[in-house]
Structures are given as C-alpha cells and as structure tokens.
Amino acid sequence: MRKFRSEWSQGDREGYQRRHDVSEEPHTSCSWRGNQRREHVVTPPLQEKDSSDSPMASAVEFKTYVDQACRAAEEFVNIYYETMDKRRRALTRLYLDKATLIWNGNVVTGLEALANFFDMLPSSEFQVNMLDCQPVHEQATQAQTTVLVVTSGTVKFDGNKQHYFNQNFLLTAQTTANNTVWKIASDCFRFQDWATI
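Residues numbered from 1 in each chain as written. Predicted model: local features only at pLDDT ≥ 70, side-chain atom pairs only at ≥ 80, totals over all residues. Heavy atoms only, no water.

- Per an unreviewed UniProt entry, the protein is named Nuclear transport factor 2 like export factor 2, and its organism is Moschus moschiferus.
- According to its UniProt record, the protein has this under Subcellular location (unreviewed entry): "Nucleus". (UniProt positions renumbered as here; feature names shortened; annotations may be inferred.)

And the structure:
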C-alpha cells in the first residue's frame, strides 16, 4: 500500500528523492480571478521520448514515464478529494470539457452536467486508503499522454452511513513548454459495500 506524501517522514522524503533523483516536485498551480480560485495538477514538462531503439533506453524511458505518472497521480488525488470535500464548486475545473463521469452506473457528460450533479450531492468526507496508477500505452489513447489512477477508501455523505468506494480516473496531459496540466477525461465512481446476508 502506498503512503501519501503528507504521511511521509523526513527519511521517506529523502530516500525517495535519492532513488528518483527528483529535483522538481509536482505542485498545485493556483491563480485567483475575482472570488474564484483555480487549481490544476501541474508537473514539470514531460521528457521527450528517446528515439533510440535500444531495449535499455526503452526500459529507462518507461521507468521515468511511470515515475512521472505516479507523482502526478499522487498530487492529483490530494487535490481532487480536498476539492470534493471543501470546495466542490471548483471540482469541474479538474475535468476536460467533454469528460464523462459514471457514478454508481449513472452517466454524466460535460462540464455543465457535472457541475449540476456535484451540486446535488450532500457534503462529503472522503478518506483515501489506497492509490495506484500506471501510464496507459499510447496506442490505446491515440498518442495522448494518459495515466490511469485507481483509488479506494471510505466516504461519508451528510445524512448517510459511511460507504467503501472505488474510483478510477483517466487523466490526460495538457502539455506546454513550461509545464504539464493533468485533466480528467473519464471518472468512474462505485460504492463497494458488501451485502449483508
């Protein structure tokens, strides 16, 4: 089970930085426009792919790609659930314009429909217990840099009992010369409560 960076000791942080030679951590990009706060998951620019056909170069390149995906996913999860619990009106800013959410089998598509759906949900308290991520192969995403993020944990919606949940996100990279902003293309949420017999 992966520890969230907020739970890391100083030794964990130093060990991670030594193993991964991390000089620049992902960070939250915040800008203010009037009363509206904008947040995005921002990482350093993605490294260009090595054109060499060497299997060793490919293995190193893939490991770097996986490490970048994991750093982006950890930052994304922290931002997503904090926004869901505390600033839900800003949540749609994490989604692409034509993103799709499947919430316990109900399909919601587009930013306006997502905003309406999130407004209807009671206030929440999410606790993420597990996070996993992996890059999605370019052949499956038409060369769009994409990461699959899987979370599970517990959630309590106001006026309801606590539920176990599982949530899967497909994040796509919107890359500029200065940074990479990750947006949700697809989101699938499901309660995972066991039926009592």
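## Thoughts on the overall build of the protein
- Along the protein, the regular secondary structure elements total three helices and eight strands.
- Ordering the α and β elements of the protein from the N terminus gives α-β-β-α-β-β-α-β-β-β-β.
- A burial count over the protein gives 41% of its 197 residues as buried.
- Intrachain contacts of the protein at a sequence separation of at least 6 include 57% that bridge at least 24 residues. (Helix = DSSP H or I, 4+ residues; strand = E, 2+ residues; numbered from the N terminus. Buried < 20%, exposed > 50% of the residue type's maximum accessible area, 1.4 Å probe, protein only. Contact = heavy atoms within 4.5 Å.)

## Description of the side chain of His163
- With respect to the helices and strands, His163 occurs in strand E7 (residues 162–175).
- Given the relative accessible area of 15%, His163 is considered buried.
- At a separation of 2.2 Å, a polar atom in the side chain of His163 contacts the side chain of Asp193.
- Excluding residues that lie within four positions of it along the chain, His163 makes contacts with Gly153, Thr154, Val155, Phe191 and Asp193. (Polar contact = N/O pair within 3.5 Å; in protein donor to acceptor, adjacent residues only side chain to side chain.)

## Concerning the nonpolar core
- Counting 36 residues, the largest nonpolar core has Tyr80, Tyr95, Phe118 and Val149 as its most contacted members.
- Where this core is concerned, the elements lending two or more residues are helix H2 (55–86), strand E3 (95–103), helix H3 (111–120), strand E5 (124–136), strand E6 (146–157), E7 and strand E8 (180–191).
- It is H2 that contributes the most residues to this core, ten residues altogether.
- Setting aside chain neighbours within four positions, we find Tyr80 in contact with Leu91, Leu94, Tyr95, Phe118, Gln167, Phe169, Ile184 and Asp187. (Core = buried A, V, L, I, M, F, W, Y, C linked by side-chain atoms within 4.5 Å.)

## Some points on the pattern of salt bridges
- One pass over the structure, following the stated rule, counts three salt bridges.
- In this structure, the salt-bridge partner of Arg87 is Glu82, at a minimum N-O distance of 3.3 Å.
- By relative accessible area, Arg87 is classed as partly exposed at 22%.
- Where Asp119 meets Arg89, a salt bridge forms, and the shortest distance between an N and an O atom there is 3.9 Å. Placement of Asp119 in helix H3 and of Arg89 in the loop between H2 and E3 is noted, with a sequence separation of 30 residues between them.
- Overall, Asp119 belongs to the partly exposed group, its relative accessible area being 44%. (Salt bridge = Lys/Arg side-chain N within 4 Å of Asp/Glu carboxyl O.)

## Remarks on the packing of aromatic side chains
- The tally for this structure, following the rule as stated, stands at 18 aromatic pairs.
- Residues Phe126 and Phe189 carry aromatic rings whose centres are separated by 6.3 Å and whose planes lie at 80° to one another, so their mutual orientation is edge-to-face. You can see Phe126 sitting in strand E5 and its partner Phe189 sitting in strand E8, a full 63 residues away along the chain.
- Given the relative accessible area of 11%, Phe126 is considered buried.
- Given a relative accessible area of 0%, Phe189 falls into the buried group.
- Relative to Phe191, the ring of Phe189 lies with its centre 5.3 Å away and its plane at 80°, an arrangement referred to as edge-to-face.
- On the accessibility criterion, Phe191 (27% relative accessible area) is partly exposed. (Phe/Tyr/Trp six-rings, centres within 6.5 Å; stacked < 30°, edge-to-face > 60°.)

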